[in-house]
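For reference, the chains in residue letters:
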Amino acid sequence: MNYSKAISVIALLSTSSAWAATSSYYEYEILSPDTTGSNYGPFPSAITEEGDTVGVYALKADLDQNIDIGLPFTFNQECFYDDDVCELIYYGSEDSTDASYENGYQDWRTTSAEIDNNETDAESYFLAATNNVKIEGFGDDTDVKITDVVDSDVGSFAVGYGSGPYTDGERDYVRRAFIVDPSTSYATISLIPTAFDDDEGGFSSAYRMRDVTYNNGDTKTLIVGNASKSLAGGDSDYFDLCYNEGDEDDLDDLNYLVNCPGFDTQAWAWEYDSSATEIEGFALATEWLDDNTTRDGSDATYSAAAFDINSSGVAVGVSTYEYSDSDEGGRQRAIIMTPDDDGAYDTPTVIVDATDESDSDGDYDKNDDSTYYNSWAESITDENIVMGNRQYGSTKNVNYPIEMFIYDIDDDSISIPLEDTKVLSTKQRLAGDSASYRGANSYGYDMNENGLIVGSADAYDQTDPVVGGDPRTQSAFLYDNTTGDSWFIDDLLCTEDDDGVVTHPLIRLESATAINDDGVVLAEGFQYDSDSDYNSSVNATAVLLKLTPSTTMDPDDSPNCWDSETLADDDEDYERSGAATLWLWLLVLPLALVRRVYKNKV
């Protein structure tokens, strides 16, 4: 495969497109941001409403694409695959010709500790750049991730976070949120946490930037994310384990990743100030989910964050409750943070229906929590529609699935549209195949104001047991919340000429992670040079696509890719050999579901 160095990218788009006589539903552009030197990606994170700027990141190590040390739900569930698979994810491949050769979680965590102990030179596992200017965050050889790109009322910005630079083996902080002009290399405005005694420099992350108008008429431009409130565990022990301890063979706790981020964090917001170089924000929630404003002596790490906010100031995200009083005892739930008329925030509201955890009065009941491990809210529209995901903690048809949910705040109603339901390929839909499949996966990443959602789901032929086996291959999907229809995006890329010959672009998309209000989608996956390579899933090149929808046709009107010679051969090969074998998914790691990579001792 064609790999590049761990870089977040904001790419100003200028690429060629494909549009044939009978067009596909999506016109696609293959973007080529400069991620030279990374091993995995690029993965898109955001696109502006104009569609001319995107946020992208790539990874040096073979990690899950969603990994974030500030968000425990991205790493706190046990690895439930075959033991050999779990070890491969942690240690990396033993084949020196593989990109993942000794390049898994172990290498990332061990190298990070060695850097912090001044035993090796600093290097970047996440970096950032525009199409012309590398974004260095707060200094060279630091980790940087871009999480949003916006054209707001106050200007154009990239939003994200970066690690602190080392000087003589020391650094002032481990992570800071920032905003920056996309053409500027170094962070221009730091979004800082509120200081507390012995705070080790604090911790903050930024995920979205939005223009907000409260009921009293006050208008603000807010950046939302999270910020440190206290040291996890009540002292520096968790902090030290997260950043400067190392045990290369400790797969059980991912080389102490389970002690990250070393802080208790709360959902946070910062108001943009063009005259400031540092902005100290305010909490979007006054407590975590145990009705506590402080950690109350618990050994669990309390972590909360806001991932999105709408134009009325209603924010959504995630917060922690104590499942057990241990260092790995925190679990997380999707929350809503609603302001009063003056823009003040108080106690967060758990989306209890997402995890079926309510008492007789309909309030959150943390004692009814054995079924689901985590839930989190990703997006909210101006109509108060929330999209998020829930992650199972109990088996469901030999899987621990992730299921997308959609919650209407005003109606207090929820749907799990793909619960026990597969996204069907065009061929399956036309054949009248049943979409019912217990334990199917559906991960929603982003939603626009028109109710279109993009994400990843089990590929059309993926039904094998997962617990004690292999991950299922994932495919990017589009879901229309107004109609309940869903499609694999791969099925919306083919063209048909005047002779009725359907041409397949030889692209497999694994996830779609951003969509703007015009329906323009960002997705990532792999492209192949020949039908043979496509059908065998070999010799793939990682690609990033910008997908512009047709204004004259519906998705169902897109030419049928299954009439192409490519998919006729592909279908035969899958029926003959099966698609859930270890050799196949190794070719396309990391998958959206390769997240649970340690054995939980809770």
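Given the structure is predicted, the values throughout are model-derived calculations rather than measurements.

The rules behind these values
- Residues numbered from 1 in each chain as written.
- Predicted model: local features only at pLDDT ≥ 70, side-chain atom pairs only at ≥ 80, totals over all residues.
- Heavy atoms only, no water.
- Helix = DSSP H or I, 4+ residues; strand = E, 2+ residues; numbered from the N terminus.
- Expected span 1.5 Å × (residues − 1).
- Buried < 20%, exposed > 50% of the residue type's maximum accessible area, 1.4 Å probe, protein only.
- Contact = heavy atoms within 4.5 Å.
- Core = buried A, V, L, I, M, F, W, Y, C linked by side-chain atoms within 4.5 Å.
- Patch = residues over 30% accessible without salt bridge, like charges linked within 9 Å, V, L, I, M, F, W, Y side chains within 5 Å.
- Areas by Shrake-Rupley, 256 points an atom, 1.4 Å probe, with all protein chains shown as cover.
- Salt bridge = Lys/Arg side-chain N within 4 Å of Asp/Glu carboxyl O.
- Lys, Arg positive; Asp, Glu negative; His and termini not counted.
- Charge placed at Lys NZ, Arg CZ, Asp CG, Glu CD.
- Phe/Tyr/Trp six-rings, centres within 6.5 Å; stacked < 30°, edge-to-face > 60°.

Moving on, we come to helix α2 (residues 105–116). Taking 1.5 Å per residue, 12 residues should reach 16 Å; α2 reaches 17 Å between its end C-alpha atoms and fits that length. Across the 12 residues of α2, nine count as buried, placing the element largely inside the fold. For α2, the set of buried residues is Y105, Q106, W108, R109, T110, T111, A113, I115 and D116. Close packing links the buried residues of α2 with α1 (83–91) and α3 (237–243). Note on α2: the residue one or two positions beyond its end, N118, has a positive phi of about 60°.

Moving on, we come to the nonpolar core. One finds L63, I67, Y81, Y105, W108 and L257 to be the most contacted residues of the largest nonpolar core, which totals 33 residues. Where this core is concerned, the elements lending two or more residues are β4 (40–47), β5 (53–59), α1, α2 and α3. By residue number, the principal contributor to this core is α1, which donates four residues. If you look at the next biggest cluster of nonpolar residues, it comprises 24 residues, including M404, M447, A542 and L567.

Negative charge collects at one region of the surface, where E49, E50, D52, D151, D382, E383, D410, D411, D412, E449 and D518 lie side by side. Positionally, D382 belongs in the loop between β21 (372–380) and β22 (385–392).

What follows covers the packing of aromatic side chains. This model, assessed by the stated rule, comprises 24 aromatic pairs. With a centroid separation of 5.2 Å and 40° between ring planes, the pair formed by W288 and Y302 is classed as tilted. Remark: Y302 occurs in the loop between β16 (282–283) and β17 (305–309) and W288 occurs in the loop between β16 and β17; sequence separation between them is 14 residues. Note on accessibility: W288 and Y302 belong to one class, buried. Linked through ring pairs, F73, Y161, Y207, F307, W376, Y443 and Y445 together constitute an aromatic cluster.

Right, let's get into unusual backbone geometry. Along the chain, G41 connects to P42 via a cis peptide bond; the corresponding omega equals 10°. Looking at where P42 falls in the secondary structure, it is placed in strand β4. Here the amide bond leading from C260 into P261 is cis, since omega sits at 5°, within 30 degrees of zero. Relative to the helices and strands, P261 is located in the loop between α3 and β14 (263–271). Of note, the phi angle at D168 is positive, near 55°, even though the residue is not glycine. Within the chain, E200 stands out as a residue other than glycine whose phi angle is a positive 55°. With respect to the element layout, E200 can be found in the loop between β11 (189–192) and β12 (204–213). The partly exposed category is assigned to E200, whose relative accessible area is 35%.

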